[in-house]
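The lines below spell out each chain.
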Amino acid sequence: MAPELPEPKASTDESVLQAQYLRALSSFEGIMLAQIEMKTQLSNRLNWTIRAGLILLGGIAISILVLLLTLSSQINRMSDMVVAMNTHFESVTTRVDNITRAMDSMEKQVALMRQVGEATAKMDEEMAAMQNYMQHMRGDVTGVQRELSAVKDEMAGIAGTILSMNGEVGMMGREMHRLSKPARTLNRMFPFP
């Protein structure tokens, strides 16, 4: 077995005890001052961290506010542009309808050109003296018929294109209305000047 160590005994000398007490008090005071200094440094760091966090959050809030204001103004502009486009396309539709009516009238007139040709043939039989002139006139009428047919085909293509454009613009208007719905809801919740 290992020999037991003797228990330490406190000195009974008053001066030794006083010196030990002062040393212990000085060590305790140093430890307390070091803890207070550490707590002060930690509290300063915490204060600076909180200030930096507040500044950062303020910057983020200002950025979000600017973004929302910009988004709101852009959506209002887009809505105004869509309304203006709808107005212009309604005007175009009205003009295309007028062109279609004019083309129908021209078709009827072109259909009458056949009767004019038949009447011309009868006139050829009745007016032999004017036969050369009437042949020249018949050639002109055939050219006019070809030109009118070409114009009719082109106008039919234009009318089809404009009708498909009207459908696409209608779909764009509905899409813009649907896309601007969240912004309008947000604008109702947080109205911006």
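A.B. asks: Honestly, the overall build of the protein in this entry has me stumped. Any pointers?
C.D. replies: Looking only at helices and strands, one finds two helices and zero strands in the protein. Evaluated residue by residue, the protein yields a buried proportion of 10% over its 193 residues. Taking as baseline every contact in the protein between residues at least 6 positions apart, the subset at least 24 positions apart corresponds to 80%. Surface summary for the protein: the accessible area is close to 16,000 Å², and the carbon and sulfur share equals 65%.

A.B. asks: Mind showing me how you'd approach the side chain of S180 here?
C.D. replies: By the element assignment, S180 lies in helix α2 (residues 131-189). A polar contact of 3.2 Å, which involves the side chain of S180, links it to the backbone oxygen of H177. Those residues within four positions of S180 in sequence are excluded, and the remaining contacts are I75 and S79.

A.B. asks: What should I look at first to understand the pattern of salt bridges in this one?
C.D. replies: When their charged atoms lie close together, side chains carrying opposite charge are able to pair. Scanning the entire structure with this criterion turns up two salt bridges. Measuring nitrogen to oxygen at the nearest pair gives 3.8 Å for the salt bridge that ties K152 to E107. Of this pair, K152 sits in helix α2 while E107 sits in helix α1 (residues 14-126), and the two are 45 residues apart along the sequence. For E107, a relative accessible area of 34% puts it in the partly exposed group. Measuring nitrogen to oxygen at the nearest pair gives 2.7 Å for the salt bridge that ties E175 to R178. Taken together, the residues span about one helical turn, with E175 and R178 both in helix α2 at a distance of three residues.

A.B. asks: Help me understand the packing of aromatic side chains, please; the structure alone is not making it clear to me.
C.D. replies: To describe a pair of aromatic rings, you give the distance between the ring centres and the angle between the ring planes. As enumerated under the stated definition, the model contains zero aromatic pairs in all. The cationic tip of R51 hangs over the ring face of W48; the distance from NZ or CZ to the ring centre is 5.0 Å.

A.B. asks: Just to check I follow, could you spell out a nonpolar patch on the surface for this structure?
C.D. replies: A contiguous nonpolar patch, built from L46, I50, L54, L56, L57, I60 and I64 and spanning about 700 Å² of accessible area, is present on the exposed surface. Looking at where L54 falls in the secondary structure, it is placed in helix α1.

A.B. asks: Would you mind going over the environment of F89 with me for this structure?
C.D. replies: With respect to the helices and strands, F89 occurs in helix α1. Setting aside residues up to four positions removed in sequence, F89 forms contacts with M165, N166 and V169.

A.B. asks: How should I be thinking about α1 in this particular structure?
C.D. replies: The α-helix advances 3.6 residues per turn, and as a result positions three or four apart in sequence lie on the same side. When the terminal C-alpha atoms of α1 are compared, their 163 Å separation across 113 residues agrees well with the 168 Å that a helix rising 1.5 Å per residue should span. When α1 is considered as a whole, its buried residues turn out to be S72, I75, V82, F89, V96, M103, M113, T120 and D124.

Calculation rules
Along each chain, numbering runs from 1 in the same order as the chain's sequence is written. Since the coordinates come from a predicted model, pLDDT governs what is reported: local features require at least 70, and pairs of side-chain atoms require 80 or more to be given and counted, while whole-chain, interface and lining totals use all residues. Derived side-chain values reflect all non-hydrogen atoms in the structure, with water molecules and hydrogen atoms excluded from consideration. Counting from the N terminus, the helices are the DSSP runs of H or I reaching at least four residues and the strands are the DSSP runs of E reaching at least two. Exposure classes here rest on a 1.4 Å probe applied to the protein chains alone. A residue is buried below 20% of its type maximum, exposed above 50%, and partly exposed in between. In this analysis, two residues are considered to be in contact whenever any of their non-hydrogen atoms come within 4.5 Å of each other. Working definition of accessibility: Shrake-Rupley area with a 1.4 Å probe, residue cover restricted to the visible protein chains. Pairs of N or O atoms within 3.5 Å make up the polar contacts considered here, provided that, within protein, one atom can donate a hydrogen while the other can accept it, and that residues adjacent in sequence are counted only when both atoms are side-chain atoms. We define a salt bridge as a side-chain nitrogen of Lys or Arg found within 4 Å of a carboxyl oxygen belonging to Asp or Glu. For Phe, Tyr and Trp, rings pair up if their centres lie within 6.5 Å, where Trp contributes its six-membered ring, and each pair is then called stacked (planes under 30 degrees apart), edge-to-face (over 60) or tilted (otherwise). The criterion is that NZ of a Lys, or CZ of an Arg, lies within 6 Å of the ring centre and within 35 degrees of the ring normal, and then a charge sits over that ring. What goes into a patch is any residue over 30% in relative accessible area without a salt bridge, connected to like charges within 9 Å or, for nonpolar side chains (Val, Leu, Ile, Met, Phe, Trp, Tyr), within 5 Å. In this scheme, a helix's expected span is set at 1.5 Å multiplied by one less than its residue total.

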